[in-house]
Amino acid sequence: QVCMSHVQKLIFKFEDRADDVRDAVSGDSWQKLKSLVCEIEGELPESAAKKHVEIEGKGTKKLVQRALEDLGGKASTQEIFQWVQEHQEFVESNSSIRINLNRNKA
């Protein structure tokens, strides 16, 4: 449990800065490790396991920064959502961006 918590903290710390562990050096290995930690947590007794939700989307920072640039530097959440819906070609042309389309998965 202590090792898993430590690995999770490293992954979360990286994702806070860089958005997705898959973008790290050896990102595939980190993603496998992240998935393994989630799998092991699922086998722990409920009291020992912390709730964890797999991140589906990636590149959010880049997407929001582009939307804000196009919208003059500031915008409401609704305006950003609308921009994203109207600019799907930007999302599709950037492999570093993936929008989470799953609703209420947590």
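Residues numbered from 1 in each chain as written. Predicted model: local features only at pLDDT ≥ 70, side-chain atom pairs only at ≥ 80, totals over all residues. Heavy atoms only, no water.

Enquirer: Would you take a moment to explain the overall build of the protein for this structure?
Expert: Looking only at helices and strands, one finds 5 helices and 0 strands in the protein. Of the regular secondary structure in the protein, the N- to C-terminal order runs α-α-α-α-α. Across the 106 residues of the protein, 25% fall into the buried class. Total accessible area on the protein stands at roughly 7,800 Å², and carbon and sulfur atoms take up 53% of it. (Helix = DSSP H or I, 4+ residues; strand = E, 2+ residues; numbered from the N terminus. Buried < 20%, exposed > 50% of the residue type's maximum accessible area, 1.4 Å probe, protein only. Areas by Shrake-Rupley, 256 points an atom, 1.4 Å probe, with all protein chains shown as cover.)

Enquirer: Which parts of the structure should I look at to understand the side chain of Asn94?
Expert: For Asn94, the location among the structural elements is in the segment after α5 (88-92). A distance of 3.2 Å separates the side chain of Asn94 from the side chain of Lys62, its partner in a polar contact. Side-chain polar atoms of Asn94 contact the side chain of Ser93, separated by 3.4 Å. (Polar contact = N/O pair within 3.5 Å; in protein donor to acceptor, adjacent residues only side chain to side chain.)

Enquirer: Explain the packing of aromatic side chains to me, please; I cannot follow it from the model alone.
Expert: Two measures describe an aromatic ring pair: the distance that separates the ring centres and the angle between the ring planes. Taken as a whole and assessed by the stated rule, the structure comprises 1 aromatic pair. Judged by centre distance (5.9 Å) and plane angle (70°), the rings of Trp83 and Phe90 are edge-to-face. Each of the two residues, Trp83 as well as Phe90, counts as buried. (Phe/Tyr/Trp six-rings, centres within 6.5 Å; stacked < 30°, edge-to-face > 60°.)

Enquirer: Got a minute to help me understand the environment of Gln31 in this structure?
Expert: Of note, Gln31 is situated in helix α2 (residues 27-43). With 20 residues separating them along the chain, Gln31 and Ile11 place their C-alpha atoms 9.0 Å apart.

Enquirer: Help me understand the packing of helix α3 (residues 60-70) against helix α4 (residues 77-86) in this model?
Expert: Angle between the axes and distance between the axes are the two parameters that describe a pair of packed helices. Between α3 and α4, the shortest axis-to-axis distance is 10 Å and the interhelical angle comes to 100°. In terms of their interaxial angle, α3 and α4 are classed as roughly perpendicular. Across the interface between the two elements, Leu63, Val64, Arg66, Ala67, Leu68 and Asp70 from α3 touch Ile80, Trp83 and Val84 from α4. Grouping the constituent residues of the contact of α3 with α4 by class yields 7 nonpolar, no polar and 2 charged. (Axes fitted to C-alpha atoms, helices over the stretch in contact; angles between N-to-C directions. Parallel < 35°, antiparallel > 145°, perpendicular 65-115°, else oblique. Contact = heavy atoms within 4.5 Å. Nonpolar A, V, L, I, M, F, W, Y, C, P; charged D, E, K, R; others polar.)

Enquirer: Even after reading the chapter, I still don't get the nonpolar core, so can you show me in this structure?
Expert: Across soluble globular proteins, you tend to see nonpolar side chains buried next to one another. Membership of the largest hydrophobic core is limited to 8 residues, which are Leu63, Ala67, Ile80, Trp83, Val84, Phe90, Val91 and Ile97. For this core, the secondary-structure elements that each account for two or more residues are α3, α4 and α5. Apart from residues no more than four positions distant in its own chain, Phe90 is found in contact with Leu63, Arg66, Trp83 and Ile97. (Core = buried A, V, L, I, M, F, W, Y, C linked by side-chain atoms within 4.5 Å.)

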